[in-house]
Amino acid sequence: MTEFNARYLKDYLPSDFSINTIDLTFELDDNKTKVTSVMSISKNTSEANKIILNGEQLKLIAVYYNDTALNASEYQVDDDSLSFLIKDNECTVKIVTEIDPENNTSLEGLFKSGGAFCTQCEAEGFRRITYYLDRPDVMAKFTTKVIADKNLYPYLLSNGNKIDSGDLNNNRHFVTWEDPFLKPCYLFALVAGDFDLLQDSYKTTSGRDVRLEIFVDKGNKTKAHHAMASLKHSMRWDEDTFGLEYDLDIYMIVAVDFFNMGAMENKGLNVFNSKFVLADKETATDTDYFNVEAVIAHEYFHNWTGNRVTCRDWFQLSLKEGLTVFRDQQFSADMHSAAVTRIKNVRVMRAQQFSEDAGPMSHPIRPEKVVEMNNFYTLTVYEKGSEVIRMLHTLLGKDKFRQGLDLYFQRFDGQAVTCDDFVTAMADAAKIDLILFKRWYSQSGTPIVKVEESFNTNSGEYQINLSQLTLPTKDQATKYALHIPIAIELINNEGTQSHLLELKSDNQQWRFSGFHEKPTLGFLANFSAPVKVDFEQSNSDLAIIMTSAKDKFLRWDAGQKLFSNTISQIITDTNYQIPAELIDILATQLCDNSDPALIAEQFTLPNFHELVEQFKPINPIKLVDALDKLKLFIAKGLEKQLLSIYQALADKPYLNNAQSIGDRALKNMSLSYLVLLPEHHDLVKRQYLTSDNMTDALAALQSSATQTVESFDAMMASFEQRWENTTLVMDKWFSLQAAYKGSNIFERLKNLTEHSLFSLKNPNRARSLIGAFAQNNSRYFHCETGRGYQFLADQICSLNAINPQVASRLITALIQYQDFDEYRQNLMKSQLERIAILPNLSKDLKEKLDAAL
Ligand code: B3K
Ligand code: ZN
């Protein structure tokens with residue numbers, strides 16, 4: 001078994017060498033692409049003599065030092081490096097390598113997606129293209145010449161501005177690109193293919209004209225308009241909000257079907273998973289529209305937070321990712337309902353990040369130890385990282401935050417820096433002390449904040465005691481107190497007060513006076529910190545918050561708490577009768593028709609994963625049963641109201657605006673309850689048959705999959721026939737199949753993996769079946785026979801050889817076995833052990849298995 005070495009943040013050393021310029025030439029070929037790299041290299045210290053370049057899966061053809069070919073005794077080459085002596089302070093090195101893009105199923109480096117060549121270099125994929133100092137603090141000026149067949153690859157793209165193009169022999173042509181900005185190699189990109197092109201332009205506030213180009217597969221141009229509009233909105237928003245303008249004359253986006261993640265912010269040439277570009281009403285849901293806009297914005301915002309100022313080393317990943325997620329979340333909140341956007345962010349934290357933070361791969365937002373960097377593109381680095389930036393925003397206020405960001409760019413534009421540099425800029429601009437706050441960067445785990453309150457009727461004084469505790473995690477035994485901003489509301493008849501409390505030690509008290517009766521405490525308004533709250537509140541207090549809090553997040557959260565309290569009772573007491581007052585409380589929320597999207601969120605129960613996090617270790621089937629029971633209780637109790645809401649909205653025409661999107665969310669929420677009552681199954685079928693948009697069609701099918709509605713298979717067959725040639729829609733079809741709640745699910749899964757359109761080589765397709773099953777079909781994924789775990793493990797074993805990154809994502813559902821009862825822990829562990837003995841186990845899986853077993 002290969003041993004993989006861990007790398008540590010504490011071992012960081014600056015590079016001995018700089019690469020000042022790199023001129024690349026690609027002669028594209030499916031299996032033998034020739035890459036010629038000419039680099040001007042200089043020494044950073046006079047002691048430096050041997051350069052060690054990173055390189056993997058490369059065939060070395062030749063190395064030249066100042067134009068003289070080195071012979072084999074003058075360099076050393078092994079599986080992951082090429083090294084030789086650098087005798088001069090400045091020199092030129094030329095390296096020729098050969099690579100095989102067509103057989104590159106890992107989708108890192110240069111690979112083929114459909115008929116097109118494209119690249120993915122972050123984090124360490126450039127070393128699969130050529131030998132290089134593949135680290136983000138080595139920044140060079142790139143010039144790239146791309147040569148390929150003229151008919152197959154009419155578009156030849158790379159970063160920056162096009163400076164030359166022309167014809168060559170053998171029906172080939174070339175284009176040369178020059179990127180005027182220094183950049184690390186992870187931001188390098190190349191695309192060659194035949195596409196439809198959507199063009200537009202944008203004028204920045206300072207008057208610069210920018211050409212906007214979106215490249216999509218032939219026939220998909222009409223589906224690129226939403227992405228283009230989203231790009232222009234993002235550009236405008238970043239100018240208005242942060243004074244940040246785009247800096248090149250051209251911004252290109254290419255959509256490809258084979259992609260490991262969402263998208264990549266390469267300078268001037270973003271490469272996107274087509275899922276986050278293409279949208280029209282027939283094929284994309286309202287959620288897809290939202291996500292396209294958010295990902296387009298995210299990658300665009302990286303141009304400043306990521307590209308202009310980048311990371312010194314990969315341990316600093318949250319420097320760019322946490323900050324950019326925060327920026328895209330703020331953008332989405334400004335474009336849509338701020339409350340609903342915030343609720344969606346919080347659900348991700350509670351359902352997924354909290355469990356990552358408590359699981360075997362627990363790490364701080366700035367990890368200290370990494371084996372495979374791709375394993376650290378996590379919810380912790382991204383989403384919790386964004387929550388940390390949001391806390392700074394809350395503590396500093398909007399204006400000081402902006403001043404801090406201005407200072408950050410003023411100090412570090414064009415450099416590769418650290419999270420500490422960022423926080424220091426914020427502290428200097430706002431003139432506040434953030435020393436304690438920095439602990440959020442180095443401490444993993446989710447703090448639990450315990451709330452105790454008391455009221456003195458004689459003095460009218462209300463007191464809150466807060467204490468914080470972070471439990472030990474796999475990576476860190478000792479935890480310390482953090483600086484936690486806690487927004488609260490004190491709700492009473494005389495008017496609600498809002499306060500921001502700064503909890504900085506293990507225990508702290510606050511007193512508020514002048515009350516005639518005890519106020520109701522709305523705790524953690526807008527989810528002001530990524531913490532768990534330990535606070536027993538009565539149903540009547542929760543009901544007050546649900547109707548009277550000023551902060552909409554608090555209203556929603558009180559409802560969620562009411563649901564989870566009820567679920568907890570159902571689980572612990574099999575004879576528990578859900579109180580009828582729950583229906584009365586919920587009924588009041590249905591009457592408020594000001595924000596339909598928010599009502600839909602209020603009626604969405606905390607999901608399985610959020611509840612596991614609260615009740616672990618737990619028998620998952622008991623939890624699924626309790627959720628089903630509560631849902632049915634609500635469906636019966638509010639049948640009339642839900643039906644009348646449904647009927648009032650059922651035939652409204654499709655529009656793509658906030659009101660219409662909210663109406664659809666409310667209607668489909670109602671349907672998800674009504675479908676629990678067999679007498680309403682016809683609604684589902686009718687909606688599926690009459691819908692003219694994917695949101696409604698999918699909602700009908702989803703309800704049918706989870707309730708095994710009789711017509712499910714017939715509807716799915718018609719759906720398949722209609723969409724078999726539309727890749728992104730077929731991904732939805734596979735996900736619906738995976739969510740099916742019938743006991744023959746395992747036969748169905750087997751057939752699905754043998755379906756002519758199924759392939760593990762396409763990450764979206766693999767995730768749409770395997771990921772969706774593990775994530776959304778908890779009843780069968782966790783079924784007592786262990787077949788659910790076995791199915792997942794089988795697929796991971798196959799993916800290990802094909803695409804380690806995708807395999808490593810999917811294993812999350814198995815490594816968090818501590819969340820479940822002992823019986824299931826053992827079943828899950830035995831599957832993990834089976835994966836652990838695979839020959840050629842990838843570094844990605846090995847790191848996670850070592851942590852979990
Ligand atoms: N920076 C990329 C993610 C790269 C992931 C590499 N495994 C996309 C993004 O966060 O915008
Ligand atoms: Zn990002």
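Keep in mind that this is a model prediction, so the values were computed, not measured.

A. Seen up close, the UniProt feature "domain: Peptidase M1 alanyl aminopeptidase Ig-like fold" (unreviewed entry) in the chain. Mapped onto this structure's residue numbering, the UniProt feature "domain: Peptidase M1 alanyl aminopeptidase Ig-like fold" (unreviewed entry) falls at residues 445–535. Secondary structure across residues 445–535 divides into 0% helix and 51% strand, with the first and last C-alpha atoms of the span separated by 19 Å.

B. Summary view of the site of ligand 1. Surveying the vicinity of ligand 1 reveals 15 residues, the closest of which are E122, E265, E299, N374 and Y382. In the environment of ligand 1, an oxygen atom lies 3.2 Å from a nitrogen or oxygen atom belonging to the side chain of H302. Relative to its free-state accessible area of 340 Å², ligand 1 is covered by the protein chains to the extent of 95%. Only β20 (263–264), α2 (286–302) and α3 (317–335) provide two or more residues apiece to the shell around ligand 1. The leading source of residues in the shell around ligand 1 is α2, at 3 residues. Of the residues assigned to the shell around ligand 1, the class counts are 6 nonpolar, 4 polar and 5 charged.

C. Quick peek at the side chain of E356. Topologically, E356 is positioned in helix α4 (residues 338–358). One buried charged residue, E356, forms no salt bridge at all, with the nearest opposite charge on K848 at 6.6 Å. Leaving out residues up to four positions away in the same chain, E356 has contacts with M361, S362, H363, T378, L379, T380 and Q816.

D. Seen up close, the coordination of the zinc ion (ligand 2). H298 (NE2), H302 (NE2) and E321 (OE) make up the full set of protein donors to the zinc ion (ligand 2), lying at 1.9 to 2.1 Å. For the zinc ion (ligand 2), all donor residues lie on one chain, and their spacing in sequence is H-x3-H-x18-E. Of this pair, H298 and H302 both sit in helix α2, 4 residues apart, roughly one helical turn. In terms of burial, H298 and H302 fall into one category: buried.

E. Here's a closer look at the packing of helix α19 (residues 712–723) against helix α20 (residues 727–738). Running from amino to carboxyl end, α19 crosses α20 at an angle of 160°, the nearest separation of the two axes being 10 Å. When the interaxial angle is binned, α19 and α20 end up roughly antiparallel. Seen from above, α19 lies across α20 with left-handed handedness. Residues F712, M716, F719, E720 and W723 of α19 pack against V729, M730, W733, L736 and Q737 of α20. Taken together, the residues of the contact of α19 with α20 sort by class into 8 nonpolar, 1 polar and 1 charged.

F. How the structure looks around the pattern of salt bridges. Under the definition given, this model contains 60 salt bridges. Between D651 and R686 there is a salt bridge, and its shortest N-O distance comes to 3.1 Å. Placement of the pair is D651 in the loop between α15 (639–650) and α16 (658–674) and R686 in helix α17 (residues 681–690), with a sequence separation of 35 residues. Judged by its relative accessible area of 38%, R686 is partly exposed. We note a salt bridge from R824 to D821, for which the minimum N-O separation is 3.1 Å. For the residue pair R824 and D821, the accessibility class agrees, reading buried in each case. Three or more residues joined by partner-sharing salt bridges are found here, namely R7, E56, E108, E124, R127, R128 and D134.

G. The arrangement of the nonpolar core in detail. Counting 190 residues, the largest nonpolar core has F84, V93, F126, Y132, L814 and I835 as its most contacted members. With sequence-adjacent residues up to four places away left out, L814 is seen in contact with F781, Y789, L792, A793, I796, M828, Q831, L832 and I835. With 96 residues, the next largest nonpolar core counts Y246, F326, F401 and V417 among its residues.

H. Broad picture of the sheet that holds strand β27 (residues 484–491). Strand order in the open sheet formed by 3 strands is β28-β27-β30, with antiparallel pairing between adjacent strands. Looking along the sheet, the strands with just one partner apiece sit at the ends: β28 (497–503) and β30 (520–523). Sheet twist, expressed as the average angle between the axes of neighbouring strands with direction ignored, equals 30°. Strands in contact with helix α9 (residues 539–548) are β27 and β30; relative to β30, the strand with the most contacts, it is inclined by about 65°.

I. The sheet that holds strand β31 (residues 532–534), seen in detail. Pairing in this open sheet of 4 strands is mixed, and the strands run β29-β26-β25-β31 from one edge to the other. Two strands close off the open sheet at either side, each with one partner strand: β29 (507–512) and β31. Averaged over neighbouring strand pairs, the angle between their axes works out to 25° when direction is ignored. Here strand β25 (residues 448–456) runs beside β31; their pairing, made up of 3 bridges, is parallel. Note on β31: the bridge partner recorded for K450 is D534.

J. A look at the pairing of β25. Across 9 bridges, the pairing between β25 and strand β26 (residues 461–469) is antiparallel. Of the residues in β26, the one forming a bridge with N456 is E461. Counting the residues between successive antiparallel strands, the hairpin from β25 to β26 contains 4 residues, one of them, G460, with a positive phi of roughly 70°.

K. Local environment of the state of the cysteines. Scanning the model with the defined rule gives 0 disulfides in all. Left without a disulfide partner, C121 is nearest to the cysteine sulfur of C185, which lies 6.8 Å away. Residue classification places C185 among the buried positions, given a relative accessible area of 1%.

L. Fine view of the packing of aromatic side chains. Using the criterion set out here, one finds 37 aromatic pairs in the structure. When the ring of Y186 is compared with that of W314, the centres are 4.8 Å apart and the planes differ by 70°; the resulting orientation is edge-to-face. Here the residue Y186 occupies a position in the loop between β15 (172–178) and β16 (190–193), and W314 occupies one in the loop between β22 (310–311) and α3, the gap between them amounting to 128 residues. On the accessibility criterion, W314 (7% relative accessible area) is buried. With centroids separated by 6.0 Å and ring planes inclined at 85°, the aromatic side chains of F773 and F781 adopt a geometry described as edge-to-face.

M. A look at unusual backbone geometry. In this structure, A123 follows E122 across a cis peptide bond, with omega equal to 0°. Locating A123 in the fold gives a position in the loop between β11 (116–120) and β12 (141–149). The step from K616 to P617 runs through a cis peptide bond, and the omega angle for that step is -5°. Examined against the element boundaries, P617 turns out to sit in the loop between α13 (608–615) and α14 (620–637). Phi at Q57 takes a positive value of approximately 55°, unusual for a residue other than glycine. Mapped onto the fold, Q57 is located in the loop between β4 (50–54) and β5 (59–65). Judged by relative accessible area, Q57 falls into the exposed class, the value being 61%. Although it is not a glycine, L107 adopts a positive phi angle of roughly 60°. For L107, the position within the fold is in the loop between β9 (90–99) and β10 (109–113).

The rules we used
- Residues numbered from 1 in each chain as written.
- Chains lettered and ligands numbered in written order.
- Predicted model: local features only at pLDDT ≥ 70, side-chain atom pairs only at ≥ 80, totals over all residues.
- Heavy atoms only, no water.
- UniProt positions renumbered as here; feature names shortened; annotations may be inferred.
- Helix = DSSP H or I, 4+ residues; strand = E, 2+ residues; numbered from the N terminus.
- Near = heavy atom within 4 Å.
- Polar contact = N/O pair within 3.5 Å; in protein donor to acceptor, adjacent residues only side chain to side chain.
- Areas by Shrake-Rupley, 256 points an atom, 1.4 Å probe, with all protein chains shown as cover.
- Nonpolar A, V, L, I, M, F, W, Y, C, P; charged D, E, K, R; others polar.
- Buried < 20%, exposed > 50% of the residue type's maximum accessible area, 1.4 Å probe, protein only.
- Lys, Arg positive; Asp, Glu negative; His and termini not counted.
- Salt bridge = Lys/Arg side-chain N within 4 Å of Asp/Glu carboxyl O.
- Contact = heavy atoms within 4.5 Å.
- Donors = N, O, S within 2.8 Å, 3.2 Å for Na, K, Ca; no water.
- Axes fitted to C-alpha atoms, helices over the stretch in contact; angles between N-to-C directions.
- Parallel < 35°, antiparallel > 145°, perpendicular 65-115°, else oblique.
- Left-handed = near helix turned anticlockwise from the far one by under 90°.
- Core = buried A, V, L, I, M, F, W, Y, C linked by side-chain atoms within 4.5 Å.
- Pairing = 2+ DSSP bridges.
- Disulfide = S-S within 2.5 Å.
- Phe/Tyr/Trp six-rings, centres within 6.5 Å; stacked < 30°, edge-to-face > 60°.

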